[in-house]
Every structure is written in structure tokens, then in C-alpha cells.
Amino acid sequence: MRAHSLLSSELATIDVQTGSTGTDVSASGAWREGSVERPDMPCVTNWLPQAGILLAIAASPTTAVQGCSSFDGWRSEVATASSILEDVIGRRISRLEALEIAAQILEKAERERAELAAWEARRGVQWETEE
Amino acid sequence: MGGATRSPVGNGGMIYEYPDLTAPLRQGDIFVGIPRIELSLERILLVDAVGEREVKWQELAGRTVQCNIIVPVRSVAAIVATQDCDAIRSRDITLCEIREFRDVERKSHDTKKPEKWKNLITQQARLNQKWFYLPPDEKVGFTEKMGVDFLVTLRVPRADLEELRCLRKGRLNGVADEHFRERIAEFFRRYPYDEWYPLNKEELAAYAQEYPDVKPFPWQEQPVARSESSPR
């Protein structure tokens, strides 16, 4: 490697959009680039800690059907694909609200991982107390 | 698997080596700056020509038409979990997230003494833990003890990741990679079972004091058979 950088995780500033503080999830990947120059990594210098992105998805047959018997029914849905999304009922929201919800989803996922790790730490062999 | 061999002790610090930019992807490669996307099946942020809508995935699960959603993403450190053969030709590469060890293994949250660290770090040789320990290394960019969280997997296109080998900060050396390979295999080979199933009634009672939510198996609800000569 021609160059390297020092990285460290920073304390949780998970939800700047909603103002929530939440659980300490410092280990969830809030990377902060160090001051060391990184000529070979210009591609990551503008990464935001969190951002909403658009993701195109397509439901696959294997996840969309419960069994072979329903495969034909699934195929028929393809034929009416143009009207599918019109059938979807959902609460209409603004782009800003969508981004806020996205931030909440991220915070919730990281908080729940931290809580699970804490729960599991209370179970099992307590190496800390063993002599 | 052919290709360049790893030095058992590496050509760098601690348990790492530092491949150059032309080196192919290998299991154990450590990247800093991999996107980790979070999905909530309860809160899908659907985008269409009109605007945004919040729906449940259940409403979309049976549909086959492509749609667009908004998802949050964070840039994280991660290690290649895909084995070397697949890392050459597969469409996607799977990585596991790397976080500070204190947060992956919360038992170490307040650990300071080397004696205690020793106990925690070496337990992965005796227990099938959900993490793999990575010691600090300035060149890799780890200022703290780190841990691979096997529970958090990321998937990225192989060709794209090859183009971003500038994000690869290091690689496990031979000894560490051999251990990592076995550990990740063991982790995904696990199967769930209730560990208290072979306990007798008295052992189960002691177990239940520590874990009150335990539910006895039918054979554990039978009276404990005692012989006449059993000591009291």
C-alpha cells in the first residue's frame, strides 16, 4: 500500500435529522477519516455518515411465491405488472419525511444490534469475572 | 486454490499483510468504506412518479415488477468472507462488517487489563463465537481492537469492488486467514438447539435460576428417579 490512513470510530451521532440520541452505537461504522493524506482513496472522502439512496429492487420468484403450486398465479401477475404499483396502498409522504424515516431505520438497526450484543454479553461464560 | 500464497506471518504488522493494488480479491481482505444498507420490512419508502409513499414490504412481496425505494446507507469497514475461488468469478462478493471489538463483544466494554483481554480474545479458540478478533494496526487503519461481526453481512458487486481496491487497507496473513476461514465456516455451520435439553431436573432447576425463561422438555418434567441407596 502506498498510503494509509488512521481511522477511528466516533460516538453515535446517528440521527441528525430527527435529533434522536439513542443508544451508544459507536461500533456501527461511523468512520472518520484521519488527517493522513490518502492519494489513493479519493473515492471515499465524500462519504456521508448516512444518506438516503435510491435502490431499485425486483422481487424474485423464489421470494415472491410460497410454493410451486402458486407459480402459475405468480406468472399471471407479471402480465399485469403495469398496474401493480397502482394497487399498492401506502401513506403518501414528502421526500424530507422519507429521508427522516430512512435515518430512523438506520438508527433502529444499529441500536438493536447494540442491544442484542449487550443482551448476549449477559449470558454465557463470564470471562471477565473468571480468575 | 491457486494464486499467490500468503506468508504465514505476513509481510506487515501483527496479523496483517498489505497487498498492492493489483492483487486479486481474496478471503480475508479488509476494506474500509463499504456501503452497509439497512432495510426495514415494516417501513419501505417507495418512490414512484408521483412521489414517496411508506408501505410495508408485505404489500410488495408478491409483486414482480421493479420498483424504487429509499434506503439508508452507512460506510463501514468490512472483511471479505467469500472464499477465494468464488472471489475470482462470482457476480457478488460477501463481506462481514468490522466494528470496534468492545461493541461486537460487549463483555469487553470495560476491559483494560491484558489478563482479561487474554481471556476474551482466546475464547474464540474454545467457543463458537459470533465474532473474529482483529488487533489494532495503524497501517490497516485500526486504532482500536476490532471485531468481525459474522451476523452482519454485506454484498457488493465483485467487478465494482475490484475497481475500488484502493479501499483495501490490508489482508489477513496466512495464520490468521486459516483461522478466519475455519471460524466463519463454523459459524455458518451452527444449528440451533436448546442447550438445557440433557439436564436432569435438579440441574435444570439450577439452570432456570440463571435463565428464568427456560421451558423444560417433557422428559425433564418427570420426577427424578432415586435409588434407595442414594446419599441424602
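Since the structure is predicted, the reported quantities are computational estimates derived from the model, not experimental observations. (Residues numbered from 1 in each chain as written. Chains lettered and ligands numbered in written order. Predicted model: local features only at pLDDT ≥ 70, side-chain atom pairs only at ≥ 80, totals over all residues. Heavy atoms only, no water.)

Observations regarding the overall build of chain B
- When you go through chain B residue by residue, the secondary structure sums to 6 helices and 9 strands.
- Summed over all atoms, the accessible surface of chain B reaches about 12,100 Å², with 52% contributed by carbon and sulfur. (Helix = DSSP H or I, 4+ residues; strand = E, 2+ residues; numbered from the N terminus. Areas by Shrake-Rupley, 256 points an atom, 1.4 Å probe, with all protein chains shown as cover.)

Some thoughts on the overall build of chain A
- Helices and strands together make up the secondary structure of chain A, namely 4 helices and 4 strands.
- Seen in sequence order, chain A has helices and strands lined up from the N terminus as β-β-β-α-α-α-β-α.
- The 131 residues of chain A split such that 31% are buried.
- When the accessible surface of chain A is totalled, it reaches about 7,900 Å², and 56% of it is carbon and sulfur. (Buried < 20%, exposed > 50% of the residue type's maximum accessible area, 1.4 Å probe, protein only.)

Concerning the pattern of salt bridges
All names here are of chain A.
- Enumeration according to the criterion identifies 26 salt bridges over all chains in this entry.
- Ionic pairing is found between glutamate 97 and arginine 91, a salt bridge with its closest N-O pair at 2.9 Å.
- Since its relative accessible area comes to 26%, glutamate 97 is described here as partly exposed.
- Take arginine 91: its relative accessible area is 41%, and that puts it in the partly exposed class. (Salt bridge = Lys/Arg side-chain N within 4 Å of Asp/Glu carboxyl O.)

Some thoughts on the nonpolar core
Residues and elements named next belong to chain B.
- Ile98, Leu134, Val148 and Leu172 are the most contacted members of the largest nonpolar core, which totals 21 residues.
- For this core, the secondary structure elements donating two or more residues are strand E2 (29–37), strand E5 (67–80), strand E6 (92–100), strand E7 (131–134), strand E8 (146–157) and helix H5 (174–188).
- Counting residues per element, this core draws most heavily on H5, at 4 residues.
- Counting 15 residues, the second-largest nonpolar core is a separate cluster that includes Leu25, Phe31, Ala78 and Cys166. (Core = buried A, V, L, I, M, F, W, Y, C linked by side-chain atoms within 4.5 Å.)

So, the pairing of E7 of chain B
All names here are of chain B.
- Neither face of E7 is open: one carries Trp131 and Tyr133, the other Phe132 and Leu134, and all of them are buried.
- The pairing of E7 with E8 spans 4 bridges and is classified as antiparallel. Bridge pairing in E8 places tyrosine 133 opposite glycine 147. (Pairing = 2+ DSSP bridges.)

Here we look at a nonpolar patch on the surface
- A cluster of nonpolar residues, Tyr191, Tyr193, Tyr197 and Trp219 of chain B, forms a patch on the protein surface that exposes about 540 Å² of accessible area.
- As for its placement among the helices and strands, tyrosine 193 of chain B is situated in the loop between H5 and helix H6 (201–210). (Patch = residues over 30% accessible without salt bridge, like charges linked within 9 Å, V, L, I, M, F, W, Y side chains within 5 Å.)

With respect to the packing of aromatic side chains
All names here are of chain B.
- Evaluation of the coordinates by the stated rule reveals 14 aromatic pairs over all chains.
- Here tyrosine 193 and tyrosine 197 contribute two aromatic rings whose centre-to-centre distance is 6.1 Å and whose plane-to-plane angle is 80°, an arrangement assigned as edge-to-face.
- Aromatic rings pair up to connect Phe132, Phe150, Phe180, Phe187 and Phe188 into one cluster.
- The aromatic ring of tryptophan 117 is capped on one face by lysine 145, whose charged end is 4.9 Å from the ring centroid. (Phe/Tyr/Trp six-rings, centres within 6.5 Å; stacked < 30°, edge-to-face > 60°. Lys NZ or Arg CZ within 6 Å of the ring centre and 35° of its normal.)

Digging into the confidence of the model for chain A
Residue and element names in this part refer to chain A.
- For chain A, per-residue confidence averages 54 on the pLDDT scale, and residues scoring 70 or more make up 26% of the total.
- Across residues 1–49, confidence stays below pLDDT 50; counting only partners more than four residues off in sequence or on other chains, it has 120 contacts.
- Predicted confidence is poor over residues 57–82, with pLDDT under 50, and the contacts of this stretch with residues over four places away or in other chains come to 24 contacts. (pLDDT = per-residue confidence, 0-100. Contact = heavy atoms within 4.5 Å.)

A closer look at H5 of chain B
Residue and element names in this part refer to chain B.
- With 15 residues, H5 extends 21 Å between its outermost C-alpha atoms, agreeing within 8% with the 21 Å of an ideal straight helix rising 1.5 Å per residue.
- When H5 is considered as a whole, its buried residues turn out to be Gly174, Ala176, Asp177, Phe180, Arg183, Ile184 and Phe187.
- Residues of H5 that are buried make contact with E5, E6, E7, E8 and strand E9 (168–172). (Expected span 1.5 Å × (residues − 1).)

What to know about the side chain of arginine 74 of chain B
- As for its position among the elements, arginine 74 of chain B is in strand E5.
- A polar contact is formed between the side chain of arginine 74 of chain B and the side chain of glutamate 110 of chain A, at a distance of 2.6 Å. (Polar contact = N/O pair within 3.5 Å; in protein donor to acceptor, adjacent residues only side chain to side chain.)

With respect to the pairing of E5 of chain B
Residues and elements named next belong to chain B.
- Extensive coverage of E5 is indicated by the burial of 13 of its 14 residues.
- Sheet topology note: the E2/E5 ladder contains 7 bridges and is antiparallel. Across the sheet, isoleucine 34 pairs through a bridge with valine 76, a residue of E5.
- Sheet analysis places strand E3 (residues 44–47) next to E5, joined by 3 bridges and oriented antiparallel. In the sheet register, valine 47 faces E5, and the bridge partner there is asparagine 68.
- Inspection of the sheet shows E5 paired to E6 by 4 bridges, in the antiparallel sense. Across the sheet, residue alanine 78 finds its bridge partner in E6, namely glutamate 97.

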